[in-house]
Every structure is written in structure tokens, then in C-alpha cells.
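# Reading the structure
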Amino acid sequence: MSQSHLDALYDYVQERCLWQFFSRSWDREENIEGVLNQVVRLWSGEEPLRGTPQERLFYADALPIVSDIKGRFDWASTIPAEEVKFLIEGLKSRLTETVITRSTNRELNHHLY
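Quick notes on the rules
Every chain's residues receive numbers from 1 upward, in the order its sequence appears when written. pLDDT decides what is reported in this predicted model: residues at 70 or higher carry local features, side-chain atom pairs at 80 or more are listed and counted, and totals for whole chains, interfaces and linings draw on all residues regardless. To obtain the side-chain values, all non-hydrogen atoms of the structure were used and water was disregarded. Paired rings are identified among Phe, Tyr and Trp, the last through its six-membered ring, by centres lying within 6.5 Å, and are further divided according to the angle between planes into stacked (under 30 degrees), edge-to-face (over 60) and tilted (the rest). Buried, partly exposed and exposed residues are distinguished by accessible area as a fraction of the type maximum, computed with a 1.4 Å probe on protein chains only: under 20%, between the cut-offs, and over 50%, respectively. Every helix listed is a DSSP run of H or I at least four residues long, and every strand listed is a run of E at least two residues long, numbered separately from the N terminus. One less than the residue count of a helix, multiplied by 1.5 Å, gives the span that helix is expected to have. We call two residues contacting when some pair of their heavy atoms lies within 4.5 Å. Put simply, buried Ala, Val, Leu, Ile, Met, Phe, Trp, Tyr and Cys residues joined by side-chain atoms within 4.5 Å make one nonpolar core. Axis geometry follows a simple rule: fit a line to the C-alpha atoms, using only the stretch in contact for helices, then measure angles between N-to-C directions, giving values from 0 to 180 degrees. Note on angle classes: values under 35 degrees are labelled roughly parallel, values over 145 roughly antiparallel, values of 65 to 115 roughly perpendicular, and the remainder oblique. Two helices cross in a left-handed way if the nearer one is turned anticlockwise from the farther one by less than a right angle. They cross in a right-handed way if the turn is clockwise. Note that Gly is not counted as nonpolar here; it falls among the polar residues with everything else outside the nonpolar set of Ala, Val, Leu, Ile, Met, Phe, Trp, Tyr, Cys and Pro and the charged set of Asp, Glu, Lys and Arg. The rule for a salt bridge is simple: a side-chain nitrogen of Lys or Arg has to be within 4 Å of a carboxyl oxygen of Asp or Glu.

### Here we look at the packing of aromatic side chains
Tallied over the full model, the rule gives 2 aromatic pairs. Summarising the aromatic geometry, the rings of F73 and W75 are spaced 5.2 Å apart at their centres and angled 20° between planes, so their arrangement reads as stacked. Looking at F73, the relative accessible area reads 16%, which means it is buried. Residue classification places W75 among the buried positions, given a relative accessible area of 17%.

Here it is in C-alpha cells:
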């Protein structure tokens, strides 16, 4: 995995994807995992999961992301499926660190929510 590829994906998601900024930490984690798991499936040519309403929501969010990635980044269509999975795992970790672990928003883990 190239650090520049991870940086490019991270910048893209930070700029264009609001699902990472839901109001609770559990909701952010669920969205990061769900949407990016669907991204891996779509990008790798696997059949996306669409059995539940939640899976269909993640699929709907992932579809334009994969299209944008393939349109914006020349390298996106040349990397193998195994590297896609590794790259997205790195992206998940980085997003979780940024929008959950290091977040200073106290409402993310407020006991009344």
C-alpha cells in the first residue's frame, strides 16, 4: 500500500463524506465500517451486501465513492483486490483515530444519549 494512496483517499473522504461525522461515536464507527466495507466489495468487483435496509444505505453511500475514486485517481483501477482491502483498512483506522479517538466533541460519548 502506498502512503500517497492512503493520503489521497483520506483527503477525499474528509472533504466529501458527511457520514463520518454523525453525532455519536457508535454511529460514526458503524458508518465508517459499513460504508467502507461496501466500498471494498464494489471496488474489488464483489457483489455488495443489500439484504437489510442498513446494508442498502451503506451501499448507496459507497456507490458514488467508488465511482469518484476510480474517476479521480489513475492508480485506483490498477491495484489488486487484496491491496484494496489493505488500503481501506488503513483508511478505517485513520478515520477512526481522527473522528472518534481524537475528537474533542464531548457529546460523542455523553451518557444521556
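Continuing now.
### What about helix α4 (residues 81-101)?
Given 3.6 residues per turn, any residue in an α-helix points the same way as the ones three and four places further on. Relative to the 30 Å expected for 21 residues at 1.5 Å per residue, α4 spans 29 Å between its end C-alpha atoms, a close match to the ideal helical length. Within α4, burial applies to V84, L87, I88, G90, L91, K92, L95, V99 and I100. Close packing links the buried residues of α4 with α1 (3-16) and α2 (25-43).

### A word on the nonpolar core
Considering soluble globular proteins, one finds that nonpolar side chains tend to be buried as a cluster. Ranked by internal contacts, the top residues of the largest apolar core, which has 32 residues, are L9, W19, V39, W43, W75, I88 and L91. Those elements that place two or more of their residues in this core are α1, α2, α3 (53-72) and α4.

### Examining the environment of T78
With respect to the helices and strands, T78 occurs in the loop between α3 and α4. Taking the relative accessible area as the measure of exposure, T78 reaches 60% and is therefore exposed. On a C-alpha basis, the gap between T78 and E29 in space is 29 Å, while along the polypeptide they are 49 residues apart.

### Some remarks on α1
Helix length check: α1 (14 residues) gives 20 Å between terminal C-alpha atoms against 20 Å at 1.5 Å per residue, within 8%. Within α1, burial applies to H5, L6, A8, L9, Y10, Y12 and V13. Close packing links the buried residues of α1 with α2, α3 and α4.

### What about the packing of α1 against α4?
As a packed pair, α1 and α4 sit with axes 10 Å apart at the nearest point and diverge in direction by 50°. Taken together, the axes of α1 and α4 lie oblique to each other. When the axes of α1 and α4 are compared, the crossing they make is right-handed. Within the contact between the two elements, α1 uses Q3, H5, L6, D7, L9, Y10, V13 and Q14 and α4 uses E83, L87, I88, G90, L91, R94, L95, T98 and V99. In terms of residue class, the contact of α1 with α4 is built from 9 nonpolar, 5 polar and 3 charged.

### As for the pattern of salt bridges
Counted under the stated rule, the structure contains 7 salt bridges. Where D7 meets R94, a salt bridge forms, and the shortest distance between an N and an O atom there is 2.6 Å. Taken together, the residues D7 in helix α1 and R94 in helix α4 connect sequence positions 87 residues apart. Here D7 falls in the partly exposed class, since its relative accessible area comes to 28%. When its relative accessible area of 28% is taken as the criterion, R94 is described as partly exposed. A salt bridge links R50 to E47; the nearest nitrogen and oxygen atoms lie 2.4 Å apart. Here R50 falls in the partly exposed class, since its relative accessible area comes to 36%. With a relative accessible area of 51%, E47 lands in the exposed category.

Keep in mind that these numbers describe shape and distance, not what the molecule does.
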